[in-house]
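Take a look at the letters that make up each chain.
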Amino acid sequence: MKKYLLHYKKENAVLLFLMIFINGIETSFAFLQMYIGKQVIEGEIKKVLLVVAFNSALAYFFYVLLYIRKNYQTYLISTMNTELRNDISKKILHESFEKNVGTDSGEYVSWYTNDVREAENQGFQVFYSYMDTGFRLLMGAISLLFIKWELLALTLVVSGISMYVSKRFSDKVEKYAEKVSLAMERYTDKVKEQIAGICILKSFGNPQKFYKEIMEAGKAFEEEKCDFAKNKGKENYKSTVISIFGINAINILTFVLCVLRIIAPEIIFGSLNLTNQVGNAFSQLISAKLQIAGSRPYFAKVDCDKNTEENRISKKLPALKKEIVLENLSFSYGKKKVFENINYTFEKNGKYALVGKSGSGKTTLIKIMLGQLGNYQGKIYYDGEEISSFDGNTYYEQMAYIEQDVYLFDCSIRDNITLGSDFPEEKMQEVLDMSALQNDLKTLPDGLDTKVGENGKNLSGGQKQRVAIARALIHNRTILFVDEGTSALDKENAALVEEALLACPTLTLILITHHLKEENISLYDKIYSLSYE
Ligand SMILES: Nc1ncnc2c1ncn2[C@@H]1O[C@H](COP(=O)(O)OP(=O)(O)OP(=O)(O)O)[C@@H](O)[C@H]1O
């Protein structure tokens with residue numbers, strides 16, 4: 001949280017100054033009360049009325065300032081929330097592909113929604129209330145110094161003890177908050193998963209699964225929340241007991257000093273007000289401290305410094321000059337061996353087919369080469385250098401992967417191809433030809449500007465794959481992995497796409513297929529077969 005507060009230090013300084021000023025006015029009410037008390041005792045009605053009028057005017061000014069402060073605080077918090085969201089995006093983008101692919105999207109969604117909300121409620125909001133209370137405490141303490149230094153001395157002792165003890169409480173609260181944050185991620189993920197599959201559940205007449213899964217995930221989340229609230233309440237209770245003792249000690253000292261005539265009786269009007277101000281500030285400070293402790297896990301999660309540590313390798317993967325060599329490559333998912341001791345060579349601009357029965361590990365092999373899966377045995381040499389010595393986040397600058405299930409953004413076909421960058425029209429036409437999209441565009445209402453809908457739901461599976469191929473080609477990805485990319489295309493278009501890709505002299509193509517066409521076999525440089533038993 002410190003990082004965000006410091007990033008907007010000027011704005012925060014203005015806000016804190018406003019808080020000091022407002023607290024100064026609030027404290028001055030105690031002195032006005034003391035003065036009114038004195039005039040009442042002396043029977044000076046005129047003076048009483050005058051001071052009461054002044055008090056009212058000051059109160060009006062006080063509330064105007066309070067209104068300004070609240071609005072400014074809201075503006076600052078929303079600015080810092082935006083910064084926090086930017087950092088979440090930065091963190092996700094900096095993470096390795098392996099981490100991105102391995103993380104359920106619901107977890108990431110939870111960072112942007114739940115975590116930002118908690119960081120705001122338990123972090124920024126509470127920090128300001130902590131500072132506000134701190135200033136109130138300070139003003140109260142200074143005022144008490146003017147009345148009687150013994151009152152201030154006691155105030156400081158009580159505050160010291162409370163702060164010391166509350167440190168232990170806040171460490172515990174932080175641990176419970178961390179659990180809630182993880183539970184929230186799991187819950188968001190489950191809801192997302194069930195909503196994505198709602199049509200399947202409805203069409204198979206199984207809506208109970210939808211209720212059950214969401215209810216169970218919700219229950220688990222609520223249990224963690226209750227656990228957090230219960231434990232925070234327990235720690236809060238302990239700290240409140242301490243501060244009640246503190247307030248009572250200060251009040252008793254005020255009465256004793258008054259009975260002993262060490263302080264004047266009229267002073268009790270204001271000093272009780274001040275001691276209560278100070279005492280309440282104590283308990284609020286401790287409670288705010290506990291809440292701030294609860295917000296720490298939310299900020300720690302998006303700490304980009306930790307993240308950049310993960311990506312220490314900064315060497316970018318260059319364009320392929322000669323070949324990619326797989327040497328004795330083996331891979332297992334846990335105990336399940338997928339393949340063993342593979343020795344393949346993919347030469348620059350070569351055309352390769354990867355065949356093998358379902359489950360033989362074709363997709364797994366591609367994912368390893370793309371850096372989505374680590375933990376393999378053996379070596380992958382990229383122009384003679386081990387591929388793991390390059391930054392995994394730059395593999396995609398050279399390679400593109402056309403998955404079995406292509407992802408499209410909810411925008412036009414053109415934007416899905418260009419991803420927002422500018423390309424000359426000739427280049428666009430060239431890739432549309434190569435990916436055999438031209439005929440489809442003629443049948444679509446707005447051609448290239450047709451909106452594809454959420455994850456391309458307005459297009460057929462084949463069209464989606466062709467858009468993905470065009471996207472890869474226009475971005476000059478020269479190593480293309482097509483995972484059964486043509487299986488969803490109709491026969492005629494499949495042949496067109498495959499032939500266009502095979503004919504492209506500047507493309508290194510690795511096509512995963514179940515159905516290798518007899519007439520195309522001669523067009524491939526090599527056909528690798530994965531058949532580990
Ligand atoms: N994340 C995973 N965790 C555990 N096992 C997995 C995982 N992904 C794949 N597998 C298993 O690894 C094996 C190889 O899967 P892979 O998807 O690589 O096969 P494939 O040859 O591409 O299959 P297909 O031709 O049907 O697409 C399969 O038995 C699969 O069940």
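Residues numbered from 1 in each chain as written. Predicted model: local features only at pLDDT ≥ 70, side-chain atom pairs only at ≥ 80, totals over all residues. Heavy atoms only, no water.

(A) The overall build of the chain, seen in detail. Scanning the chain from N- to C-terminus turns up 16 helices and nine strands. Residue burial in the chain is summarised as follows: out of 533 residues, 46% are buried. Contacts in the chain between residues at least 24 apart in sequence constitute 79% of all its contacts with a sequence separation of at least 6. Surface accessibility of the chain: about 27600 Å² in total, with carbon and sulfur atoms responsible for 59%. (Helix = DSSP H or I, 4+ residues; strand = E, 2+ residues; numbered from the N terminus. Buried < 20%, exposed > 50% of the residue type's maximum accessible area, 1.4 Å probe, protein only. Contact = heavy atoms within 4.5 Å. Areas by Shrake-Rupley, 256 points an atom, 1.4 Å probe, with all protein chains shown as cover.)

(B) Structural view of the sheet that holds strand 7 (residues 479-483). The strand order across the open sheet built from five strands is 6-7-8-3-9, with neighbouring strands paired in parallel fashion. Each end of this open sheet is capped by a strand with a single partner; those strands are strand 6 (399-402) and strand 9 (526-529). Direction aside, the axes of adjacent strands within the sheet are offset by 15° on average. Bridging between strand 7 and strand 8 (residues 508-512) involves five bridges; their strand directions are parallel. If you follow Phe481 over to strand 8, its bridge partner there is Ile510. (Pairing = 2+ DSSP bridges. Axes fitted to C-alpha atoms, helices over the stretch in contact; angles between N-to-C directions.)

(C) Here's a closer look at the pattern of salt bridges. Counted under the stated rule, the structure contains 18 salt bridges. Lys379 is the partner of Glu386 in a salt bridge, and the nearest nitrogen-oxygen pair spans 3.5 Å. A residue is classified by how much of its surface remains accessible, and Glu386, at 29% relative accessible area, is partly exposed. The structure contains a network of salt bridges with shared partners spanning Glu26, Arg69, Asp132 and Arg136. (Salt bridge = Lys/Arg side-chain N within 4 Å of Asp/Glu carboxyl O.)

(D) Region of the structure containing the site of the ligand. In the region of the ligand, 13 residues are neighbours, and Ser358, Gly359, Lys362, Thr363 and Thr364 sit closest. Contact distances for the ligand include 2.6 Å between an oxygen atom and a side-chain N or O atom of Ser358. Here Thr364 contributes a side-chain N or O atom positioned 2.5 Å from an oxygen atom of the ligand. Coverage of the ligand by the protein amounts to 61% of the 640 Å² it exposes when considered alone. (Near = heavy atom within 4 Å. Polar contact = N/O pair within 3.5 Å; in protein donor to acceptor, adjacent residues only side chain to side chain.)

(E) Local environment of the packing of helix 13 (residues 425-434) against helix 15 (residues 461-474). Packing of helix 13 against helix 15 brings their axes to within 9 Å, and their N-to-C directions diverge by 135°. In terms of axis orientation, helix 13 runs oblique to helix 15. Of the two possible hands of crossing, helix 13 and helix 15 adopt the one that is right-handed. Contact residues: helix 13 offers Lys427, Met428, Val431 and Met434, while helix 15 offers Ala470, Leu473 and Ile474. Residues of the contact of helix 13 with helix 15, tallied by class, amount to six nonpolar, no polar and one charged. (Parallel < 35°, antiparallel > 145°, perpendicular 65-115°, else oblique. Left-handed = near helix turned anticlockwise from the far one by under 90°. Nonpolar A, V, L, I, M, F, W, Y, C, P; charged D, E, K, R; others polar.)

(F) Quick look at a nonpolar patch on the surface. On the surface, Phe31, Leu138, Ile142 and Phe146 cluster together into a nonpolar patch covering about 420 Å² of accessible area. Ranked by residue count, the leading element in the nonpolar patch is helix 5 (residues 105-147), at three residues. Considering the arrangement of structural elements, one finds Phe146 in helix 5. Overall, Phe146 belongs to the exposed group, its relative accessible area being 68%. (Patch = residues over 30% accessible without salt bridge, like charges linked within 9 Å, V, L, I, M, F, W, Y side chains within 5 Å.)

(G) A look at the packing of aromatic side chains. Tallied over the full model, the rule gives 19 aromatic pairs. Aromatic pair Tyr344 and Phe346: ring centres 6.3 Å apart, planes at 85°, arrangement edge-to-face. On the numbers, 6.1 Å between centres and 70° between planes, the contact of Tyr382 with Phe390 is edge-to-face. Just as Tyr382 is buried, Phe390 falls in that class too. In textbook terms, an aromatic cluster arises when at least three aromatic residues are bridged by ring pairs, as seen for Tyr344, Phe346, Tyr352 and Tyr528. Between the NZ or CZ atom of Lys315 and the centre of the ring of Phe390, over which it lies, the distance is 4.8 Å. (Phe/Tyr/Trp six-rings, centres within 6.5 Å; stacked < 30°, edge-to-face > 60°. Lys NZ or Arg CZ within 6 Å of the ring centre and 35° of its normal.)

(H) Fine view of the UniProt feature "transmembrane region" (unreviewed entry) in the chain. Feature annotation in UniProt assigns "transmembrane region" (unreviewed entry) to the following positions: residues 12-36, 48-68, 137-165 and 240-264. Here residues 240-264 runs as 80% helix and 0% strand, with 31 Å between its end C-alpha atoms. (UniProt positions renumbered as here; feature names shortened; annotations may be inferred.)

(I) Inspection of helix 11 (residues 362-369) at higher detail. With six of eight residues buried, helix 11 is to be regarded as a mostly interior element. All of the buried residues in helix 11 are Lys362, Thr364, Leu365, Ile366, Ile368 and Met369. Looking one or two places after helix 11, you find Gly371, whose phi comes out positive at around 80°.

(J) Looking closely at the packing of helix 2 (residues 9-42) against helix 3 (residues 45-94). Direction vectors running N to C along helix 2 and helix 3 enclose 160°, while the axes themselves pass 9 Å from each other. For the element pair helix 2 / helix 3, the angle class is roughly antiparallel. For the pair helix 2 and helix 3, the crossing hand works out as left-handed. Per-class residue counts for the contact of helix 2 with helix 3 are 26 nonpolar, five polar and four charged.

(K) Molecular detail of the pairing of strand 6. On strand 6, burial covers both faces: Met399 and Tyr401 on one face and Ala400 and Ile402 on the other are all buried. Strand direction decides the pairing type here: strand 6 and strand 7, joined by four bridges, are parallel. Considered in strand 7, the bridge of Met399 is made with Ile479.

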